[in-house]
Amino acid sequence: SAALLVLGTIPALAQTAITDEMLANPPAGEWINYGQNQENYRHSPLTQITADNVGQLQLVWARGMEAGKIQVTPLVHDGVMYLANPGDVIQAIDAATGDLIWEHRRQLPNIATLNSFGEPTRGMALYGTNVYFVSWDNHLVALDTSTGQVVFDVDRGQGTDMVSNSSGPIVANGVIVAGSTCQYSPFGCFVSGHDSATGEELWRNTFIPRAGEEGDETWGNDYEARWMTGVWGQITYDPVGGLVHYGTSAVGPAAEIQRGTVGGSMYGTNTRFAVRPETGEIVWRHQTLPRDNWDQECTFEMMVVNVDVQPSAEMEGLHAINPDAATGERRVVTGVPCKNGTMWQFDAETGEFLWARDTSYQNLIESVDPDGLVHVNEDLVVTELEVAYEICPTFLGGRDWPSAALNPDTGIYFIPLNNACSGMTAVDQEFSSLDVYNVSLDYKLSPGSENMGRIDAIDISTGRTLWSAERYASNYAPVLSTGGGVLFNGGTDRYFRALSQETGETLWQTRLATVASGQAISYEIDGVQYVAIGGGGTSYGSNHNRALTERIDSTAIGSAIYVFALPQQ
Ligand code: PQQ
């Protein structure tokens, strides 16, 4: 049962019900979907803060958060911020003043028994008068937005000690859709669709084939030895095409000689899916990395956008352009789904492959055929234990969960990256699902790099790089695009920065108490544009800094949310 604290002194702000129409066309001054819009652009149309005045930003309020990894996207509706703290402490806060309105504290089982990846809650979903989250112990919970009272609480099954969720649920045509992580489980995970009023499960999709099922022969080992594949990255809903887009993760242990899948492509792993939210029916699928020996996890957010498809043969890092695909106006799914940083574009409705190119340096994909079929670099497939393979990127990317952004007005896509490589050695020891990868890794800069952190700006029409901005420390933080032409981004060096979307130049920066690890958002109340970012807790991205000679101060103690605005007269 859950404890609830209601503060009498702060008046509850009236919350209007959220409809499908609002989610599909979100108010410019609010942040009611994880990615601001359902298509996941992480773009605020607000224009008060511009490249010219961003240098004057100042702190309006800050509020301490529960200890733990902060990776959260706050939601804002009708002047209230809904904030998920680590350990399932959900708060409603006056978004203009920082005053707590209500707080929900979940009573969790012994957290030492839970899948550690479930600690952060990256996202929640708003619909009707409910706010939805998936708890560390893998329950789908709905709270009333006005009071914080529990509306329903349903167990998603498969063992609360094994399965969890880090990225949160989305709403797709009235259905609550959520993925799962089971990195430490001797089985694979699932995506499920739930009734928004009761939480009742409507459908469930798994990814790893059982004996005799389609793709079984692409594994080569027994079903009982197929572990870990889930959807722990961010799911996207396309309200125009009516499809949900998600991607699956990799498999353990990392080396195919240890898991018994030698030569196998492992159907269902590292695959992008488009499904119907009402039933889970699969409309198309595409494997963006077969035969993974390096935990490359093709589960990260992709975006749905109308674009004049004109792929350029001059694209940096080009793998393939489909010569048979029509150019011109199309609705596409695009982005960087896997840690190795390869950017993809597909037709949103049919999954037709359009093009693929690299962003950060990678040596795992050898080539992509004109129809999108991937061939891996056979030299880096593990054939021997206790031998170091020089892989790029690492098990933390290239990119990892920190989200990209897209400015729909300019058609520019911004992706946070790291210039990271690693020596990977599969160790000759007994393994279990709890050991996960059974490898040792070190941390290196990629060949020719002097800086770890990086952001690339890419034209989604031509696929060409417009600029690439580097910094010394690891950039393990999402980006936020705004209508004022500003790109916000945190980092493991505790700086919260504003960059020019045109040039990548840093226009403003301020130093936070901790790693600037959360997902920045922007919203407007009474004519004031605010920018909010949470930070704190151990960031895996700090590990990248071990490749650097200078020390980076990534203090993790003192989690908080910070809210900035221009000085007001
Ligand atoms: N989570 C982080 C983080 O919190 O910074 C980084 C990673 C995860 C990874 O690099 C992973 O490979 C990863 N894998 C799983 C999985 O296989 O289920 C889950 C998660 C997660 O849910 O956060 C991560």
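In case you missed it, the structure is sitting above this.
Here's a quick rundown of the structure. (Residues numbered from 1 in each chain as written. Predicted model: local features only at pLDDT ≥ 70, side-chain atom pairs only at ≥ 80, totals over all residues. Heavy atoms only, no water.)

### Description of the overall build of the protein chain
To keep it simple, the criterion reads: The helix count covers DSSP runs of H or I at least four residues long, the strand count covers runs of E at least two residues long, and both are numbered beginning at the N terminus. Radius of gyration here is computed from C-alpha atoms only, and the compact-globule reference equals 2.2 Å multiplied by the residue count raised to the power 0.38. The rule is simple: take the accessible area with a 1.4 Å probe, protein chains only, and divide by the maximum for that residue type; under 20% is buried, over 50% is exposed, in between is partly exposed. Whether two residues are in contact is decided by their heavy atoms, any of which lying within 4.5 Å being enough. Note on areas: Shrake-Rupley with a 1.4 Å probe; residue coverage comes only from the protein chains shown.
Of regular secondary structure, the protein chain possesses two helices and 41 strands. Computed over its C-alpha atoms, the radius of gyration of the protein chain comes to 22 Å, within 12% of the 25 Å expected for a compact globule of 569 residues. Its C-alpha atoms give the protein chain principal-axis dimensions of about 65 × 50 × 50 Å. Residues classed as buried in the protein chain amount to 65% of the 569 residues present. Sequence separation of 24 or more characterises 63% of the internal contacts of the protein chain that already satisfy a separation of 6 or more. By element, 48% of the accessible surface of the protein chain is carried by carbon and sulfur atoms, the whole surface being about 18,900 Å².

### Side note on the site of the ligand
Going by this rule: We call a residue near a molecule or strand as soon as one heavy atom of that residue lies within 4 Å of the molecule or strand. Under this definition, polar contacts are N or O atom pairs within 3.5 Å; protein pairs additionally need one hydrogen-donor-capable and one acceptor-capable atom, and for neighbouring residues in sequence, both atoms have to be side-chain atoms. Here a cavity denotes grid points, spaced 1 Å and computed from the protein atoms alone, that fit a 1.4 Å probe unable to get out, and a pocket denotes an open set having protein on both sides within 12 Å along at least 5 of 7 lines; residues with an atom within 4 Å of a point are the lining. The way we define it, a molecule is inside a pocket or cavity when more than half of its atoms are within 2 Å of that pocket's grid points. All residues other than Ala, Val, Leu, Ile, Met, Phe, Trp, Tyr, Cys, Pro, Asp, Glu, Lys and Arg, Gly among them, are scored as polar; the first ten of these are nonpolar and the last four charged.
In the vicinity of the ligand lie 19 residues, with R122, S166, Q183, D400 and Y476 positioned nearest. Contact distances for the ligand include 2.9 Å between an oxygen atom and a side-chain N or O atom of T181. In the model, an oxygen atom of the ligand is placed 2.8 Å from a nitrogen or oxygen of the D400 side chain. Protein contacts shield 98% of the accessible area of the ligand, which totals 480 Å² for the unbound molecule. Most atoms of the ligand, that is more than half of them, are within 2 Å of grid points of the largest pocket. Here the shell around the ligand is built from residues that sort into nine nonpolar, four polar and six charged.

### Notes on the layout of surface pockets
This is how the line gets drawn: Grid points are joined across faces, edges and corners, and a volume is the space filled by probe spheres set on the points.
There is about 480 Å³ of room inside the largest pocket. Surrounding the largest pocket, 28 residues form its lining, F117, F395, L396, Y437 and Y540 being those nearest its centre. At three residues, the largest contribution of residues to the lining of the largest pocket is made by strand 31 (residues 439-441). Residues that form the lining of the largest pocket fall into these classes: 13 nonpolar, eight polar and seven charged.

### Some points on the state of the cysteines
Heads up, the rule is: Note on terminology: disulfide denotes any pair of cysteine sulfur atoms within 2.5 Å.
Following the criterion strictly, the structure yields three disulfides and no others. Sulfur-sulfur distance for the disulfide between C182 and C189 comes to 2.4 Å. By relative accessible area, C182 is classed as buried at 1%. Here C392 is linked by a disulfide to C421, with a sulfur-sulfur distance of 2.1 Å. One quick way to see it: the torsion about the S-S bond of C392 and C421 is about 105 degrees, and its sign makes the bridge right-handed. With C392 in the loop between strand 27 (388-391) and strand 28 (405-407) and C421 in strand 30 (residues 420-426), the pair connects residues that are 29 residues apart, well separated along the chain. Assigned by exposure class, C392 and C421 land together as buried.

### Some remarks on the pairing of strand 24 (residues 353-357)
For clarity, the cut-off: In this analysis, strands are considered paired if DSSP registers two or more bridges between them.
Of all five residues that make up strand 24, five are buried, and the element is covered over most of its length. Note: strand 21 (residues 318-321) against strand 24, three bridges, orientation antiparallel. Bridge pairing links L318 to R357 in strand 24. Where strand 23 (residues 343-347) meets strand 24, four bridges bridge the pair, whose relative direction is antiparallel. By the bridge assignment for strand 24, Q345 is matched with W355. What sits between strand 23 and strand 24 in their antiparallel hairpin is a turn of five residues, with G351 showing a positive phi close to 80 degrees.

### Details of the sheet that holds strand 38 (residues 506-511)
Read across the sheet, five strands follow the order 2-35-36-37-38 without closing on themselves; strand pairing throughout is mixed. Edge positions in the open sheet fall to strand 2 (43-44) and strand 38, since each of these has one partner strand only. In the sheet, strand 35 (residues 479-482) pairs with strand 36 (residues 486-489) via three bridges, with the strands oriented antiparallel. In the strand pairing of strand 36, V479 is matched with N489.

### Describing the nonpolar core
Where we set the bar: By convention a nonpolar core is built from buried Ala, Val, Leu, Ile, Met, Phe, Trp, Tyr and Cys residues, the set being connected through side-chain atoms within 4.5 Å.
Counting residues in hydrophobic clusters, the biggest one holds 65 residues, and the most contacted among them are M81, Y82, F488, F496 and Y523. In terms of residue count, the dominant contributor to this core is strand 41 (residues 560-565) (six residues). With sequence-adjacent residues up to four places away left out, F488 is seen in contact with I49, V54, L57, P478, V479, L480, T482, F496, R497, A498, W508 and V531.

### Some remarks on the sheet that holds strand 12 (residues 170-172)
Filter applied, for reference: The angle between two axes is taken between their N-to-C directions and runs from 0 to 180 degrees, where each axis is a line fitted to C-alpha atoms and a helix contributes only its stretch in contact.
On the basis of which strands lie adjacent, the open sheet formed by four strands has the order 12-13-14-15 and antiparallel pairing. At either end of the open sheet lies a strand with only one pairing partner, and these are strand 12 and strand 15 (201-206). Direction aside, the axes of adjacent strands within the sheet are offset by 25 degrees on average. By the bridge criterion, five bridges tie strand 14 (residues 190-195) to strand 15 in an arrangement that is antiparallel. Each residue of the ladder has a partner; that of V191, found in strand 15, is N205.

### Structural notes on empty space enclosed by the protein
Overall, the coordinates contain seven cavities of 30 Å³ or more when judged by the stated rule. Surrounding the largest cavity, 18 residues form its lining, N33, Y34, Q38, I170 and V171 being those nearest its centre. Looking at the lining of the largest cavity, its residues break down into eleven nonpolar, seven polar and no charged.

### Observations concerning the side chain of S249
With respect to the helices, strands and loops of the structure, S249 is situated in the loop between strand 17 (243-247) and helix 2 (256-259). What makes S249 buried here is its relative accessible area of 2%. Excluding residues that lie within four positions of it along the chain, S249 makes contacts with M228, T229, G230, W232, T269, N270, E297, C298 and T299.

### Section: the packing of aromatic side chains
The condition is simple: The pairing test for Phe, Tyr and Trp rings, Trp by its six-membered ring, is centres within 6.5 Å, and the orientation test on the planes gives stacked under 30 degrees, edge-to-face over 60, and tilted for anything in between. When the NZ atom of lysine or the CZ atom of arginine is within 6 Å of a ring's centre and also within 35 degrees of its normal, the charge is said to sit over that ring.
Scanning the entire structure with this criterion turns up 21 aromatic pairs. For the pair F207 and F273, a centre-to-centre distance of 6.1 Å together with 45 degrees between the ring planes defines the contact as tilted. Linking F207 in the loop between strand 15 and strand 16 (236-238) with F273 in strand 18 (residues 271-275), this pair joins segments that are 66 residues apart in sequence. The pair F207 / F273 is uniform in exposure class, with both members buried. Using a relative accessible area of 3% as the deciding quantity, one classes F273 as buried. Taking the ring centre of Y34 as reference, the NZ or CZ of R42 above it sits at 4.8 Å. The ring centre of F190 lies 3.6 Å from the NZ or CZ of R204, which sits over that ring.

### Structural notes on unusual backbone geometry
In this model, G252 is joined to P253 through a cis peptide bond whose omega is -15 degrees. If you trace the backbone, P253 turns up in the loop between strand 17 and helix 2.

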